[in-house]
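Inside the fold
Given next are the chains, with one letter for each unit.
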Amino acid sequence: MKSYSASMFVSLLTTDQQEKQHHQQQQNDFDDYSESSREIAELEPETNKTTIIVNNPSNSSRKPMLDVEDTRETWSNNCDYLITTLGGLIGLGSLYRFPYLAFQNGGAAFVVPYVLICVLCGIPLLMMETGLGQFSRKGPVGCWEFAPAMRGIGIASVIISFFGALYYVMIMVWGGLYLFHSFSSIGSRLPWSDDVESEMLKGNTTTTIVSSVERFWNTTILNISDDFDGISTFHWPNVVGLIVMWTIIYLCLWKGIRLTSRVAIFTALFPYIPMIALFIRGMTLDGSWDGLKYYIIPNTQQLLNKKAWIQAAGHVLWAYGIGWGIIPALSSYNRSDYNFYRDIVVTGSTSILTNVFSGFVVFPVLGFMSHKANVSIEQVVSGGPGLAFIVYPKAISLMPFPHFWAITFFFMIFLLGIDSQFVTCESVLTAALDKLDQLYDRSPKRRKIRREFVVAIYVFISFSFGLLMTTRAGFYIFNIFDGYICGAIPLLIICIMELGTVLFAYRTTFTSWFQKCPPTQWPGQTFITHIREVLKRRLTHIWLCWVIVVPIWLFGMLVIAFRTVGPISYESFVYPLSFQIIGYTLTSLAPLSILVYFIYYHLKNTNR
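Residues numbered from 1 in each chain as written. Predicted model: local features only at pLDDT ≥ 70, side-chain atom pairs only at ≥ 80, totals over all residues. Heavy atoms only, no water.

What about the overall build of the protein chain?
Applied cut-off: Helix and strand labels come from DSSP, where a helix needs a run of H or I of at least four residues and a strand needs a run of E of at least two; each type is numbered from the N terminus. Exposure categories follow from relative accessible area, calculated using a 1.4 Å probe and restricted to protein chains: below 20% of the type maximum is buried, above 50% is exposed, and the middle band is partly exposed. Residue contacts are counted whenever heavy atoms from the two residues lie within 4.5 Å of one another. Using the Shrake-Rupley algorithm and a 1.4 Å probe, accessible areas are obtained, with residue cover drawn only from the displayed protein chains.
When you go through the protein chain residue by residue, the secondary structure sums to 27 helices and 6 strands. The 608 residues of the protein chain split such that 58% are buried. Contacts in the protein chain between residues far apart in sequence, at least 24 positions, make up 82% of those at least 6 positions apart. Looking at the protein chain as shown, the accessible area adds up to about 25600 Å², and 63% of this sits on carbon and sulfur atoms.

A word on the packing of aromatic side chains
What counts is decided by this rule: Aromatic rings from Phe, Tyr and Trp, taking only the six-membered ring of Trp, are treated as a pair when their centres fall within 6.5 Å; an angle between ring planes under 30 degrees marks them as stacked, one over 60 as edge-to-face, and anything in between as tilted. Our definition puts a charge over a ring when NZ of Lys or CZ of Arg is within 6 Å of the ring centre and also within 35 degrees of the ring normal.
If you walk through the whole model with that rule in mind, you get 60 aromatic pairs. Measuring from centroid to centroid gives 3.7 Å for Phe228 and Phe579, while their planes differ by 15°, and the two rings are stacked. On the criterion of sequence distance, the pair formed by Phe228 in the loop between helix H9 (212–221) and helix H10 (236–253) and Phe579 in helix H27 (residues 577–606) is long-range, its members being 351 residues apart. Residue placement shows Arg97 over the ring face of Trp318; its charged tip is 4.0 Å from the ring centre.

Looking at the side chain of Asp434
On the secondary structure map, Asp434 appears in helix H20 (residues 402–442). The class of Asp434 is buried, set by a relative accessible area of 14%. Sequence-distant contacts of Asp434, defined by excluding residues within four places in its chain, comprise Arg72, Lys138 and Gly139.

Focus on helix H8 (residues 152–184)
As a reminder, the rule being used: To estimate how far a helix should extend, the number of its residues minus one is multiplied by 1.5 Å.
The terminal C-alpha atoms of H8 lie 48 Å apart, and with 33 residues this matches the ideal 48 Å at 1.5 Å per residue to within 8%. Burial analysis of H8 places 28 of its 33 residues in the buried class, the great majority of the element.

Quick notes on the nonpolar core
We count it as follows: The set of buried Ala, Val, Leu, Ile, Met, Phe, Trp, Tyr and Cys residues whose side-chain atoms join them within 4.5 Å is what this entry labels a nonpolar core.
Counting 177 residues, the largest nonpolar core has Trp174, Trp246, Phe410, Trp546 and Trp553 as its most contacted members. Discounting residues that sit within four places of it in the chain, Phe410 has contacts with Gly175, Tyr178, Leu179, Ser182, Trp192, Phe389, Pro393 and Ile396.

Things to note about the state of the cysteines
Cysteine pairs can be covalently joined through their sulfur atoms, and such a bond is termed a disulfide. The condition is simple: Cysteine sulfur atoms that pair up within 2.5 Å are treated as a disulfide.
Under the criterion given, the structure shown has 0 disulfides. This cysteine, Cys121, is not joined by any disulfide, and Cys545 carries the nearest cysteine sulfur, 6.9 Å off. Residue class for Cys121 comes out buried when judged on its relative accessible area of 2%. Residue classification places Cys545 among the buried residues on the basis of a relative accessible area of 11%.

Some words on the packing of helix H15 (residues 306–320) against helix H26 (residues 540–563)
Stated precisely, the cut-off is as follows: Convention adopted: a line fitted to C-alpha atoms gives each axis, helices being fitted over their contacting stretch, and angles between N-to-C directions are expressed from 0 to 180 degrees. Roughly parallel covers angles under 35 degrees, roughly antiparallel covers those over 145, roughly perpendicular covers 65 to 115, and oblique covers all other angles. Helix crossings are classified by the rotation of the near helix relative to the far one: an anticlockwise turn of less than a right angle makes the crossing left-handed, while a clockwise turn makes it right-handed. Ten residues, namely Ala, Val, Leu, Ile, Met, Phe, Trp, Tyr, Cys and Pro, are considered nonpolar, four, namely Asp, Glu, Lys and Arg, are considered charged, and the remaining ones, Gly among them, are considered polar.
Their axes nearest at 10 Å, the elements H15 and H26 cross at an angle of 125°. By the angle between their axes, H15 is oblique relative to H26. Along this stretch, H15 crosses H26, giving a crossing that reads as left-handed. Across the interface between the two elements, Lys306, Trp309, Ile310, Ala313 and Leu317 from H15 touch Trp553, Met557, Ile560, Ala561 and Arg563 from H26. Of the residues in the contact of H15 with H26, the class split is 8 nonpolar, no polar and 2 charged.

With respect to the environment of Cys495
With respect to the element layout, Cys495 can be found in helix H23 (residues 488–505). In this structure, the C-alpha to C-alpha distance between Cys495 and Ile153, residues 342 residues apart in sequence, is 8.7 Å. Every residue in contact with Cys495, bar those within four places of it in the chain, is listed here: Leu125, Leu317, Ile322, Gly323 and Leu554.

Topic: helix H5 (residues 78–89)
With 12 residues, H5 should cover 16 Å at 1.5 Å per step; its first-to-last C-alpha distance of 17 Å lies within 8% of that length. Judged by how many residues are buried, H5 sits mostly within the fold: 10 of 12 residues are covered. Among the residues of H5, those classed as buried are Asp80, Tyr81, Leu82, Ile83, Thr84, Thr85, Leu86, Gly87, Gly88 and Leu89.

Section: the environment of Glu426
Assignment of secondary structure puts Glu426 in helix H20. For the pair Glu426 and Leu330, spaced 96 residues apart in sequence, the C-alpha separation works out to 7.7 Å.

What about the side chain of Asn105?
Formally: Here a polar contact is recorded for every N or O atom pair within 3.5 Å, except that within protein the pair must consist of a potential hydrogen donor and a potential acceptor, and residues adjacent in sequence are included only if both atoms are side-chain atoms.
With respect to the helices and strands, Asn105 occurs in the loop between helix H6 (92–104) and helix H7 (108–136). For Asn105, the side chain forms a polar contact with the main-chain oxygen of Leu101, separated by 2.8 Å.

Section: the pattern of salt bridges
Selection criterion: A pair is scored as a salt bridge if a Lys or Arg side-chain nitrogen falls within 4 Å of a carboxyl oxygen belonging to Asp or Glu.
Scanning all chains against the criterion turns up 6 salt bridges. Arg97 is paired through a salt bridge with Asp482; the nearest N and O atoms lie 3.1 Å apart. In this pair, Arg97 sits in helix H6 while Asp482 sits in helix H22 (residues 474–485), placing the two residues 385 residues apart along the sequence. The same class applies to Arg97 as to Asp482, namely buried.

A look at the confidence of the model for the protein chain
To be explicit about the condition: A score between 0 and 100, pLDDT records how confident the predictor is in each residue.
Looking at the protein chain as a whole, the pLDDT averages 81, with 80% of positions reaching at least 70. Residue range residues 1–68 is modelled with pLDDT below 50. Its contacts to residues more than four positions away, or to other chains, number 92 contacts. Note on residues 196–210: pLDDT under 50 across the span, and 26 contacts to partners over four residues away in sequence or across chains.

Here we look at unusual backbone geometry
Note: most residues except glycine have negative phi, and most peptide bonds are trans. For Asn223, which is not a glycine, the phi torsion comes out positive at approximately 50°. For Asn223, a relative accessible area of 26% puts it in the partly exposed group. The backbone of Phe401 shows a phi angle near 55°, a positive value even though the residue is not glycine. Within the secondary structure, Phe401 is located in the loop between helix H19 (388–397) and H20.

A short note on the environment of Leu278
Considering the arrangement of structural elements, one finds Leu278 in helix H12 (residues 272–283). Of the residues examined, Leu278 reaches a relative accessible area of 3% and is grouped as buried. The spacing of Leu278 and Val365 is 87 residues in sequence and 9.3 Å in space, taken between C-alpha atoms. Setting aside residues up to four positions removed in sequence, Leu278 forms contacts with Val361, Tyr392, Ala395, Ile396, Met399 and Phe409.

This is how it looks when you write it as structure tokens:
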């Protein structure tokens, strides 16, 4: 593949008619690729002014000059973008979700597919979404303007982010309650310490240890009911915590990305301190090596478990924010010619290392608990989304100065939650603000709505939805969000549609395939050429992943995921039929929005 000059790249990005005429003579010297590119550019609307013009195309390192009509915010420096993205991707998903998924799926039997999928599929998709947001300078919906019928992909991503924010904020609420109890118990023992006698509940075939930390989680923090009858009763500490958390989130979001990036510098780096301390303490406990072996040495039979691969695939998309609209939202504030290769390498590798390291913090403690109770690792605690709030407090209670470490750790949970909420909420807000700006451009006399007001409306709506998870049955609803609404199936469908649209419709139309097949230049090659020009690298391996590895993985995982679909349950409790219907309806909401918008777009244009 030839390497083209910066002027060629700029001519592909700009949609201003006068600029295209200015470069027309220079483009005539190129081969068939430039001819197809001009045909593609003619399909772009003339009214789009959010372009980048470089005064001296031959100097690709020179700072670009933004079009006077491009009023979009830009990161004040490259470090702000990197830190904010890093903090968002290495958030609660790494510390909270990864350990319990690894525990549920055999430890190393989950870690191996997770790392493999990250390298071969996660990072290539991360690069694709970054390019989409940066080149368009639009959020998760606006970045699909090159294929307007597929804007439903962006809408689906926003839906996932909206529900994901409800999920993350509840983890912050529970962490906040632990933080409150850590402060209030100074001068005495931590309320979940093992001074209270442990119970051993014996069933017919299994033995389950119910320790004081698990009892504290179920009764004091959740006050969980036996079934959905508790949905009509609020657990008031959770309600108060939800109000406090959404108020803090509003104060962090209302001023835009520049305030967000300043806060993220601290919130992204601080959490590593208590994690390292907990790891060191965990490795000094009796039985820690048993837990570590379970985590790092795979069982061949468990390694072939379909569920482990499906959940690893889903968590890769969680860990990188792929399909959530997070990456296009953040990268849309970059300059269009920004070289983001370093950011991809740093965020991609750091995310893998942090997720894996969180297992090194948790599993030595599980090994100790197993050794103390004289049962296997699988039996030491009940699995599920609450695992982190059982194992981490247990480890803290065993450390010197437990109150200090408890306060430090749960403050870290709060910071990680803020990081996760920054990027997740920004995906929704960016899409909403882009749409409002579009309406304002059509009607200049209309008064422009301030960001602070939009954020306030979003926070209030999210708080209202989140109240359901503050009831005594709230954890059952939380489980639907965790495993289904924001689970593997909707994210895999979104990613399949993303990849297909980029490969087959980037800066062209689907109907062009009926006119000439195969085309002179594949649309996906046009996109990878744009990225090559910015990153100044060949990226052959990324292209091969896009056209071979990623499609096989996405379709394969989706087929397996559909085959493993069953009734929604939590531990041994199977949800009632009404909640099964509600759960799967909400799960299908994001994927169906792609189809609904596609039909709407074509009906709208047919009737014109």
